[in-house]
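# Results of the structural survey
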Amino acid sequence: MTKLTRAKLEHLAFLAAITACAALYMLDAWRVSHRVENLIVIVPFGAAAIVLCLLIAARLLRTAEDDDTPAAAEAAEAPGRALWPRIMPLVVMALIGAYAFLLEIVGFDIVTFAFVALSLLVQGDRNLPRVLVFSAVFTFVVIWGSKAILSVPIPTLLG
Amino acid sequence: MLDLNALGGAFDLLTSSFSPWLVVLPGLIIGLAAGAIPGVSGSMAMAVLLPLTAYMDFLSAMLFLTSIFTGAGFGCAIPAILINIPGTPAAVATAFDGYPMAQKGLHNEALGLGLGASVAGQLVGYVVLLLAVGPASYAVLKMGPLEMSAVAIWGLTLIGMLRGRHVGRGLLAGIVGVLIGTVGTNAAGYSRGTMGYTVLLDGFPVIPAMMGLFVSSQLFALIGRESYIVKDEAARVISVARIWSGFRESFRHPGILIKGSLIGCGVGIVPGVGSSISNLLSYAQTRRSDPNPESFGKGNPKGVMASESANSSSEGGSMATLLALGIPGGAGTAVMLSAFAMHNINGGPRFITDHRDIVYGIIIGNFWQAVLLAVVGIGFVYFAAAIVKLPVRYLVPTVMVLGAMGSYALTGSSVGPVTLFIFSILGWLLTRFDYSVPAMVVGLVLGFMLESELLRTYQISGGDPSYLLKRPAGTAMLALLVLTATAPLLKSGFRRYRAATQESPG
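Residues numbered from 1 in each chain as written. Chains lettered and ligands numbered in written order. Predicted model: local features only at pLDDT ≥ 70, side-chain atom pairs only at ≥ 80, totals over all residues. Heavy atoms only, no water.

## A short note on the interface of chain B and chain A
Each partner contributes to the interface: chain B provides 60 residues, whereas chain A provides 68 residues. Between chain B and chain A the total buried area reaches about 5700 Å² when both faces are included, carbon and sulfur atoms providing 74% of it. The interface formed by chain B and chain A holds 2 salt bridges in total. Glutamate 10 of chain A is the salt-bridge partner of arginine 432 of chain B, the closest N and O atoms lying 2.8 Å from each other. The tally of links from chain B across to chain A stands at 13 residue pairs in polar contact (both at pLDDT 80 or more). Those elements giving two or more residues to the side of chain B that touches chain A turn out to be α10 (167–181), β2 (191–192), α19 (392–411), α20 (415–432) and α21 (437–461) of chain B. The element that contributes the greatest number of residues to the side of chain B that touches chain A is α19 of chain B, accounting for 13 residues. Looking at side-chain class alone, the side of chain B that touches chain A contains 38 nonpolar, 14 polar and 8 charged residues. (Contact = heavy atoms within 4.5 Å. Buried area = accessible area lost by both parts, 1.4 Å probe. Salt bridge = Lys/Arg side-chain N within 4 Å of Asp/Glu carboxyl O. Polar contact = N/O pair within 3.5 Å; in protein donor to acceptor, adjacent residues only side chain to side chain. Helix = DSSP H or I, 4+ residues; strand = E, 2+ residues; numbered from the N terminus. Nonpolar A, V, L, I, M, F, W, Y, C, P; charged D, E, K, R; others polar.)

## Focus on the pattern of salt bridges
For the coordinates displayed, the defined rule picks out 11 salt bridges over all chains. For glutamate 10 of chain A, the salt bridge is made with arginine 6 of chain A, and the minimal N-O distance between the two is 3.4 Å. In this pair, glutamate 10 of chain A and arginine 6 of chain A are both assigned in helix α1 (residues 6–32), 4 residues apart and thus about one turn of the helix distant. Residue class for glutamate 10 of chain A comes out partly exposed when judged on its relative accessible area of 23%. Judged by relative accessible area, arginine 6 of chain A falls into the exposed class, the value being 60%. Put simply, arginine 130 of chain A and aspartate 125 of chain A hold a salt bridge, and the shortest N to O gap is 3.1 Å. Beyond isolated ion pairs, a larger network of salt bridges with shared partners links Arg6 and Glu10 of chain A together with Arg432 of chain B. (Buried < 20%, exposed > 50% of the residue type's maximum accessible area, 1.4 Å probe, protein only.)

## What to know about the domain arrangement of chain B
All names here are of chain B. Once the domains are mapped, chain B shows domain 1 (4–158 + 247–406) and domain 2 (471–506). The C-alpha centroid of domain 2 is placed 36 Å from the C-alpha centroid of domain 1. Listed per partner, the contact involves 12 residues of domain 1 and 10 residues of domain 2. Of the roughly 870 Å² buried between domain 1 and domain 2 on both sides combined, carbon and sulfur atoms contribute 78%. On the domain 1 side of the interface with domain 2, the three residues burying the most area are Leu146, Glu147 and Trp154, jointly 56% of the side's total. (Domains from an automatic or database assignment.)

## Some words on a positive patch on the surface
Residue and element names in this part refer to chain B. Taken together, the side chains of Arg288, Lys491, Arg495 and Arg498 define a basic patch exposed on the protein surface. When residues of the positive patch are assigned to their parent elements, the largest contribution, 3 residues, is made by helix α23 (residues 472–503). By the secondary structure assignment, arginine 495 is in helix α23. (Patch = residues over 30% accessible without salt bridge, like charges linked within 9 Å, V, L, I, M, F, W, Y side chains within 5 Å. Areas by Shrake-Rupley, 256 points an atom, 1.4 Å probe, with all protein chains shown as cover. Lys, Arg positive; Asp, Glu negative; His and termini not counted. Charge placed at Lys NZ, Arg CZ, Asp CG, Glu CD.)

The following block contains the structure:
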């Protein structure tokens, strides 16, 4: 067995999550009905997913194969990189999550403007007037385009 | 095969009025724009503009809708090449080599190649349709659920194995995609995996999920690392001359274009699968027959041509199914079927027999669309290519907002944007551990269809395995599938055996 690096542990956790999800899905389907009409895809594909997860995990533990994944490359270069660029994708992802959940609650106009402006600031744009003008113009064009061209009823706060 | 009287009638219809010719240009531009914006598909634009066709005669209405279809068919290649985000599953394989070309500063050439291959595919697809609309419909009628399941599993296996490295991870991604695609209520009425959320009874919305997977797999890898998609500033130039040279270059490989187009036509007639699989099959076939298969996935122009010629020609195949049988193969042709209904016309064998002049009129109109696409496409691509000049920090929020808007428009609620977000996380994890995002997307797209077809096969056969013997075409397809899947294993086993016997001659 080779040394368990951080990247390998992350990968193993990912495989464990897939295995758990596949098993829970099969269990849920089994509870609904035992009939072939219900299980015809879920059971064979779920079982295949679990077997593949186990095979990949076994291979990870046996060999040094994982050294070429982006996760391993990132872990290798982490000591030489500042913290902010490393966590930037996670911060942007959190912003996207907040954007998706708040769109309908607050209104597309305000949330889109805030999301675009914050994304630019988080990614290092320090020219505040440019950030605000770009966010405002882009929000207006997108909201107007969706309403006028696609005729999509979009909830907005400012009308 | 070709009814010359009807052909003459088609020319009469097309030349008696300007209106069939006038609708093509706006249709193409709308289609190109809709295809180029991730989240806004050609079928969505067709659905939104469907009411307009009530004011047109039937031929003009069909030409308007098919021109949007054609424009979007190439339009989705633009984000696939420039930002590695195919707007539809039809452009998945285009991104394999198109994006690496863009990263090398060859975005102009890649877009030109894609456009040239799309034009060629469109022309070949409609020539085949012109000559074989009757036999094609006969072939579709012969395809049962077993054959459809075999095609779906074949496509899935193919994409899982396409990347070469980490075949197991590719297959796992595809299988998980299928499982996600089966969440919700199946064709037999059983609801599974909904976790109590009623919105999941219809399953995960596929397009937002697909966009989430692709967007995150690409954009998150750039955040905090790269300022622009194309690193070298000098390579970010946008040049009509280079787009044109790429366009011409595509016609120097007629073998790839014809092979891709024929694959596209053949697979395009299969309802529900069509362009999603044809681009992958064509890509795999071109890679397999190339003397340098390792160069694929690293910016080989042949990969772009193979994919684009196949997805464009599959339009001709899907039109064959629509016109000859009245069966829509996908969302776009379903909208066209609605236009049929708006004009009190029923598609099917009767329509082909009674209105062959209109069928030929639609086909000839599509030749004109292909020629016009070449001209309009170059102009459109010139402006679209400006994406490479946009800094990554601007690209991320703009693409996400457009994706969220498109998702909202599709689902009519925040379910779409939330799905986009959840699948963004999944896509990020897949990329992080080197799993194939395209494989998961294809699994997701085919999951529901695969389950429905397997279910029908089970119901027809009553669970009797000897049913396979009664369906020789389906059995042959399954045998071919097993052969495709096991060929690399057999090959490496044989190579090892030969090496072992050479090492120990005594």
